Structure formats: C-alpha cells, structure tokens
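# A closer look at the structure
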Number of protein chains: 2
Amino acid sequence: MSILVVGSVAYDTVETPFGRAERVLGGSATFFAIAASFFAPVNLVGVVGDDFGDEQMEVLRKHGVDLQGLERSAGKTFHWQGKYSFDLNARDTIRTDLNVFEFFKPKIPAAYRRCEHVFLGNIDPVLQRDVLEQVEKPKLVVCDTMNFWISGKPEELRKTLARVDVLLINDAEARQLSGEWNIVKAARAIRALGPRALLIKKGEHGVLMFSDEGSFAAPAYPLEDVFDPTGAGDSFAGGFVGYLAGAGELNEAALRRAAVMGSTLASFCVEAFSVDRLQRLTRAEIDERFRLFKRLTHFEAI
Amino acid sequence: MSILVVGSVAYDTVETPFGRAERVLGGSATFFAIAASFFAPVNLVGVVGDDFGDEQMEVLRKHGVDLQGLERSAGKTFHWQGKYSFDLNARDTIRTDLNVFEFFKPKIPAAYRRCEHVFLGNIDPVLQRDVLEQVEKPKLVVCDTMNFWISGKPEELRKTLARVDVLLINDAEARQLSGEWNIVKAARAIRALGPRALLIKKGEHGVLMFSDEGSFAAPAYPLEDVFDPTGAGDSFAGGFVGYLAGAGELNEAALRRAAVMGSTLASFCVEAFSVDRLQRLTRAEIDERFRLFKRLTHFEAI
C-alpha cells in the first residue's frame, strides 16, 4: 500500500501579513509526503542541491518517508519566494530559482516501481508520463498541474491526462484547461480527456469533486487563524491519496472521505509556516478534525 | 405561521452573457415572497408606482401573497438596471431609479402585526426599526443589509442589529461591517452586535452559518446553466424564513435545514430571468433538489 510521489523539494521564503519565514522546507513532494505519511508509507522521488540540509532530510525521515529516490545534484536546491496579502487566496511570486530542479529527470528506484498509488506533482507533463513508464501497474494515478503547463504544453498535458485517474486543479486552471467558464461544463470537458474523477480546489471555498456518480462538495474548514497557505494544495493531495492508499478502496464513498481527508490535512497545513504544523500533527488530531468536518456539513433530511 | 416581508418591489432590466430582460418583475420583497410562499402564507409591505401592472400583481397573488400592505403611490415604480459578465458573482449596476421607493415609509397593516416571522429586506436601517416598532411580538426577525448602509448609516444599523435574530449578508459585507478580514473573526464580531445567527452568502461558493452551536457550511448547487443571478440572495432568504415558519421550529437542526432550503430556492431562481423559474416551481421539485443537496454533501464517518 505504499505511495509514490514525484515532485519538488524546495526551500521557500514566504511573507504573509502575519510574519516572514526565510528558506524553510517546502516543495510539492515535501508537503504531500508528510501529509500522506499519516496513512501509508511514502516513497519520494525528487532532487535537491548540495545545500540541502540534514535537518530537512531528518524531517522527512522522521515521517517514515523513503528518500532513496531523492537525488542530490551539484548546485542549489529549488528556491521559491512568495508574498500573500490579507486575501490569502491570492499570492505574488517574487522569485523562482529552479536551480537543480531545472534539469530534473525523475528516476524511479526499482523498489518503488510496484507502488499502486502514484501522485504526479506539478512538473512538466512529459516527465509525468516518464514516471508512468517506469511504474508497473498502478491502481490509482493522481495528477496535479498548473497554468504554466496548460498554456505552455497543452498537447503533452492531454497525453498525460489520458493516463490519469484523478486530476487535482484549482478553479481558474479548470476554466483555462477546458475553455468553459461554468464549472460543471468545465468538469465534463476535463473528464472527457481521461480522468475518472476531477477535484477542483477553491481554497477557502473548499473543493468540488466530479465523478461518474455526480458531484460532491466539501467546504474548507473555517479557521480563525490562517497563517500561511503555502502547501495547502499539496497537503490536500497528500491527505487524499494517503487516505485512499491506507483504506485500500477506490469507490465513491472512499473518494468522498478522501476529499474530506485532503481538506483536513490542508486545514492543518495553513496553521503555520512551512511543514511546522504537519510535523507536530497526530493521527488523533486528524481524526478529530475529520469529525468536525462531519459536524460542519451535517443537516437532516426533511 | 404567516410571514411579514418588507422590502422593494421593482422593475429590473438585466443583461447577462445569455440574454437581456427589459422591465421584468424584481425587487427583494418580490423574490422573497414567492420563494417563501411554498412554505407559509406571506404578507408583503412595499410600494409601487402607478405604472405597476396588474399582470405583476397577479404573479404575486397567484402565490397567495397578501398585498394589503403593497402601497400604490403616484409616480413610477423602483427600477434597477444591471449587467453581469461571465463571472456571475460580480455585477455592474448601470442605473438605479428609486422613484416612489425613495419616499417609502413602511406602514404595517393591523392584520400583519401579529406575524411571528419577519424579514426586513435591504432598506434604510431606520425604516427597518420602524417596522419592528409596528409588529407585536415576533419570534424571529431576519434582516438583510448592504454596503450602502454599512458605510452610510453605521450607528443606525447597529441599533437595528441589536434587535435582529438572524443577519443575512455576503462575505464582502461581513468584512466591511466587522472590519475583520478573517470570516470566523468577522462572524464573532457581528454576532456580538446582536444577531444570534449570521449567514454569510458567498454566491457560487455557498453559505456559511455561524450560531451558538458553531459553524455550518452548505455549498451552492453546481448548476450547468446559471442564467441570471438577480434575486438569488432574496430567494435564499425566502427559502430560509419560509422553511422556519412552516416548520415552526428555531433550533440548530431547523436553522441548518433552513439554510439548505434557502440554497435550494436560490438555485432555482438563477435558472431563468426574473421570477420566471420560481413561478413555475412545484413543492415536489423543491423537495427533490433538497434531497440532491443531501447527496451532494454526504460522506461517511471513518
């Protein structure tokens, strides 16, 4: 039941109205791996530079993340710098130094190739397909992407999507990818490209899932203190894929619980900078917040 | 169990990417009354000009709306003209002709004064309090307001809110009224002004309710064809107050079902111009969509 994640491992410099964090642990694979580690073992494929610290490696190791696939290259680790205003749904990228990530070619260690649950973080869709070529027979392929690839490599992205079971994107990306403003129409167009299920992430407004059995809506947890939204989407993905891997089921009921579990992990992620909150999270806290999500959304039939 | 609504009755001219409607029936009290009429008898207090047509009166009468309180003044009926872009959450007001509505002083007919459920549509907070002076002992006072009164008459609005049980506003208004960006903090600050429950309407992103028993989140129904959002908020209010009046309960479970019933009526309202969809709606259709809301949000505990 172990999970394979391919994506970025990075240093983030983040400024929010509530504070600033300098060169802290970030990256899509990092957030995903720690969030997913509460449910199933995680195998990580990524690349870091020779500046990447033992302390950061240790954070991942402590969560049982297998780092055999974390390549170390000569050069610097991917660095992203961003700034949020009070409207935490919008952010400005101040600086992106791809560094060693620019030449990243995912090599899947032999021991990872039988992973049945695969998360393709937001990288070049050509590389996402390279990963799928190297794995044996995944039961579930979940994929993230972004506006950069939707506009820059639309044909390659389509080829990748044809091999994907679940796509996770935000509402603006769904509109861009489909050319449809209406979200229901956008979802139908995107699912026709391959993904059996589409999850549209709307930040503080929650998530909409579209599958063969219709639509499912889950809110974001209304938090009094949102500190730093960086990594929320990848923590969502980690909770989503982690839950499915741990449960060993892929039916509609499991997908819905997985979406709520994704929202649960995302809600913790944003409570502190970097992976600080995820690091000190317990399974009991996760289960308690999942129960609060149930309470938040429950109403009786008439 | 009859309901008193005070608000505007208007002609609307609306342009959306999907069409244009000229001088069609609109106004907050109109949408509210028709939506609420599916659950309980509605008594309407408002004003129209001598241009207001019998055809429009008949639309309201057909829904059993009592029009004893609908004053007819010399002059023209309130006329609003607006335009929506594809992002139906945002609209431009092109023209507001208050006409007879400018001098509206609500006079509550004797027969209405014992109404236990009162909806104060979006009018001057001084007039909203005038209405409360004229009713005997309401069990539930629900109030709407807008940015114009929040910035223009803040002290008067506070005096009104102190006498209100439930406030319905949108997220931007909640932020403006409280001075807090975070919605949870905004809700706490607003509830401290008087309302026991606060419902924050977020258009296509649904509604958040804050009460003594915590928070409740309901999505908007994901519709493939949203034709005209005009009146959605007032239809929400009509479904909300209507359900509570019909059910005769005011506990948390009833408030939650009422919020979903509000979303149900709003989801029909936006399917056509003016009150066209509400007019040909049946109780069976309402109940069926309420069930779909249950299905849309349901997930099992872990």
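Residues numbered from 1 in each chain as written. Chains lettered and ligands numbered in written order. Predicted model: local features only at pLDDT ≥ 70, side-chain atom pairs only at ≥ 80, totals over all residues. Heavy atoms only, no water.

This part takes up the overall build of chain A. Regarding its fold elements, chain A presents 11 helices and 13 strands. For chain A, whose C-alpha radius of gyration is 18 Å, the value lies close to the compact-globule estimate of 19 Å for 302 residues. For chain A, the spread of C-alpha atoms along the three principal axes comes to 65 × 40 × 35 Å. Burial analysis of chain A (302 residues in total) assigns 59% to the buried set. Of the contacts made within chain A by residues no fewer than 6 positions apart, 64% connect residues no fewer than 24 positions apart. As displayed, chain A offers around 11800 Å² of accessible surface, 49% of which is attributable to carbon and sulfur atoms. (Helix = DSSP H or I, 4+ residues; strand = E, 2+ residues; numbered from the N terminus. Rg over C-alpha atoms; globule rule 2.2 N^0.38 Å. Buried < 20%, exposed > 50% of the residue type's maximum accessible area, 1.4 Å probe, protein only. Contact = heavy atoms within 4.5 Å. Areas by Shrake-Rupley, 256 points an atom, 1.4 Å probe, with all protein chains shown as cover.)

With that settled, the discussion passes to the side chain of R257(A). Note on placement: R257(A) falls in helix α9 (residues 252-269). On the basis of relative accessibility, which here comes to 9%, the residue R257(A) falls in the buried class. A polar contact of 3.2 Å, which involves the side chain of R257(A), links it to the side chain of E300(B). Leave out the neighbours within four places in its chain, and R257(A) touches Y243(A), E249(A), F290(A), E300(B), A301(B) and I302(B). (Polar contact = N/O pair within 3.5 Å; in protein donor to acceptor, adjacent residues only side chain to side chain.)

Moving on, we get to the nonpolar core. With 103 residues, the main nonpolar core has L4(A), L177(A), L44(B), L199(B), F240(B) and L265(B) as its most contacted residues. Top element by residues in this core is helix α9 (residues 252-269) of chain B. It accounts for 10 residues. By size, the runner-up hydrophobic cluster in this structure holds 102 residues, among which are V118(B), L161(B), V184(B) and L208(B). (Core = buried A, V, L, I, M, F, W, Y, C linked by side-chain atoms within 4.5 Å.)

Taken together, the contact between chain A and chain B spans 41 residues of the former and 41 residues of the latter. For the pairing of chain A and chain B, the buried interface totals around 3800 Å² over both sides, and the portion due to carbon and sulfur atoms is 56%. Ranking the residues of chain A by area buried against chain B places E224(A), F299(A) and I302(A) at the top, with a combined share of 21%. In this structure, the connection of chain A to chain B is made through eight salt bridges. (Buried area = accessible area lost by both parts, 1.4 Å probe. Salt bridge = Lys/Arg side-chain N within 4 Å of Asp/Glu carboxyl O.)

Below, the discussion takes up the packing of helix α8 (residues 232-247) of chain A against α9(A). Residue and element names in this part refer to chain A. Packing of α8 against α9 leaves a shortest axis separation of 7 Å and a crossing angle of 140 degrees. By the angle between their directions, the pair α8 and α9 is classed as oblique. Taken as a pair, α8 and α9 cross one another with a handedness that is right-handed. Together, A232, S235, F236, G239, F240, Y243 and L244 of α8 and A254, L255, R257, A258, A259, M261, G262, S263, L265, A266 and C269 of α9 make up the contact between the two elements. Tallied by class, the residues present in the contact of α8 with α9 amount to 13 nonpolar, four polar and one charged. (Axes fitted to C-alpha atoms, helices over the stretch in contact; angles between N-to-C directions. Parallel < 35°, antiparallel > 145°, perpendicular 65-115°, else oblique. Left-handed = near helix turned anticlockwise from the far one by under 90°. Nonpolar A, V, L, I, M, F, W, Y, C, P; charged D, E, K, R; others polar.)

Residues and elements named next belong to chain A. Summarising the element assignment, V118 is placed in strand β8 (residues 117-120). Once the C-alpha coordinates of V118 and V131 are considered, the two residues, 13 residues apart in sequence, prove to be 9.2 Å apart. Every residue in contact with V118, bar those within four places of it in the chain, is listed here: L4, P138, L140, V141 and V142.

To continue, consider the side chain of Q56(A). Relative to the assigned elements, Q56(A) resides in helix α2 (residues 54-62). For Q56(A), a relative accessible area of 13% puts it in the buried group.

Per the stated rule, a full pass over the model turns up 24 aromatic pairs over all chains. Ring geometry for F101(A) against F104(A): centres 5.5 Å apart, planes inclined by 20 degrees, an arrangement best described as stacked. As far as burial versus exposure is concerned, F101(A) and F104(A) are alike and both buried. Taken together through their ring pairs, the aromatic side chains of F18(A), F86(A), F227(A) and F273(A) make up a single cluster. Cation over ring: R289(B) sits above Y221(B), and NZ or CZ is 5.3 Å from the ring centre. In this structure, R289(B) is placed above the aromatic ring of F268(B), and the distance from its NZ or CZ to the ring centre is 3.9 Å. (Phe/Tyr/Trp six-rings, centres within 6.5 Å; stacked < 30°, edge-to-face > 60°. Lys NZ or Arg CZ within 6 Å of the ring centre and 35° of its normal.)

Time to look at the relation of the copies chain A and chain B. Each copy of the sequence occupies a distinct position, and chain A is placed on chain B by a rotation of 180 degrees and an axial shift of 0.0 Å, giving an RMSD of 0.0 Å. Both copies of the chain, as the preceding transformation shows, are related through a two-fold rotation axis. Of the C-alpha atoms belonging to chain A, the one lying closest to the rotation axis is found on H205(A), 3.0 Å away. Taken together, the interface assignments show that 100% of the residues at the interface of chain A recur at the interface of chain B, consistent with an identical surface on both copies. (Least-squares fit on C-alpha atoms with pLDDT ≥ 70 in both.)

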